[in-house]
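Understanding the architecture of this molecule
If you want the building blocks of each chain, they are given just below.
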Amino acid sequence: DTAVSQTPKYLVTQMGNDKSIKCEQNLGHDTMYWYKQDSKKFLKIMFSYNNKELIINETVPNRFSPKSPDKAHLNLHINSLELGDSAVYFCASSQEGLGADTQYFGPGTRLTVL
Amino acid sequence: TQLLEQSPQFLSIQEGENLTVYCNSSSVFSSLQWYRQEPGEGPVLLVTVVTGGEVKKLKRLTFQFGDARKDSSLHITAAQPGDTGLYLCATWTGANNLFFGTGTRLTVIP
């Protein structure tokens, strides 16, 4: 009964490849997010979607394309992977997305680009 | 410029010791949250503080929101190895945008 799940847990790939990370939440939340956590553990928002519509795109290269087929899913596709894309990517969801709302995070996907 | 500066960045203490970590900013916030992230997992919400001067307790953890709502502290009493993790403060900077602090990595040595 995992609240926010993402696959795969680990992803190792070569530069220039295209890869996808899948995310699903079973909490019935309206808003989903993607975050990137770098090697210094700084966690930064990349995208947020509310009811399948893009709300925030935080200066992320257009090689990153989120896709939300429905409210429960927000997948992240990355084209032409670069060394600097290596990081841990977290999917999250929340009900309202403001104030005292709680973010529920997935377990993360560790992406390593060789 | 970081919106939320946390200190110390790293902290390593012996089991049973007390500690305080800080989250500071020059901005005023309507609310502030603390999350804990254990290795290999996503962050988990510990508490939300919304009122200036507010103090909340969660077992051995005490959270305080500054009177001016610009800063917050987390105090842990008698730290346990299970407290080891990355502690992150965060605030909603607008609709659907949760901004995280720089983090404090705590290690409690048995």
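Higher on the page you've got the structure.
Residues numbered from 1 in each chain as written. Chains lettered and ligands numbered in written order. Predicted model: local features only at pLDDT ≥ 70, side-chain atom pairs only at ≥ 80, totals over all residues. Heavy atoms only, no water.

1. Here we look at the overall build of chain B
The test is simple: For helices the rule is a DSSP run of H or I covering at least 4 residues; for strands it is a run of E covering at least 2, with both sets numbered from the N terminus onward. Based on C-alpha atoms, the radius of gyration is set beside the globule rule, defined as 2.2 Å times the residue count to the power 0.38. To sort residues, take the accessible area from a 1.4 Å probe on protein chains only and compare it with the maximum for the residue type: under 20% means buried, over 50% means exposed, and anything in between is partly exposed. A contact between two residues is defined here by any heavy atoms of the two lying within 4.5 Å.
What chain B contains, in helices and strands, is zero helices and 11 strands. Tracing chain B from N to C terminus, the helices and strands come up as β-β-β-β-β-β-β-β-β-β-β. Here chain B has a C-alpha radius of gyration of 13 Å; the compact-globule value for 110 residues is 13 Å, and the two agree. With respect to the three principal axes, the spread of C-alpha positions in chain B is 40 × 30 × 20 Å. Burial analysis of chain B (110 residues in total) assigns 45% to the buried set. Looking at chain B alone, contacts between residues at least 24 apart form 52% of all its contacts between residues at least 6 apart.

2. Points about the pairing of strand S10 (residues 97–100) of chain B
Residues and elements named next belong to chain B. What counts is decided by this rule: Note: two strands are recorded as paired if DSSP finds a minimum of 2 bridges between them.
Sheet analysis places strand S9 (residues 85–94) next to S10, joined by four bridges and oriented antiparallel. When the sheet's bridge partners are listed, Trp92 is paired in S10 with Leu98. Following S9, the chain reverses through two residues before pairing antiparallel with S10; Asn96 in that reversal takes a positive phi of roughly 65°.

The values are spatial; any link to function lies outside them.
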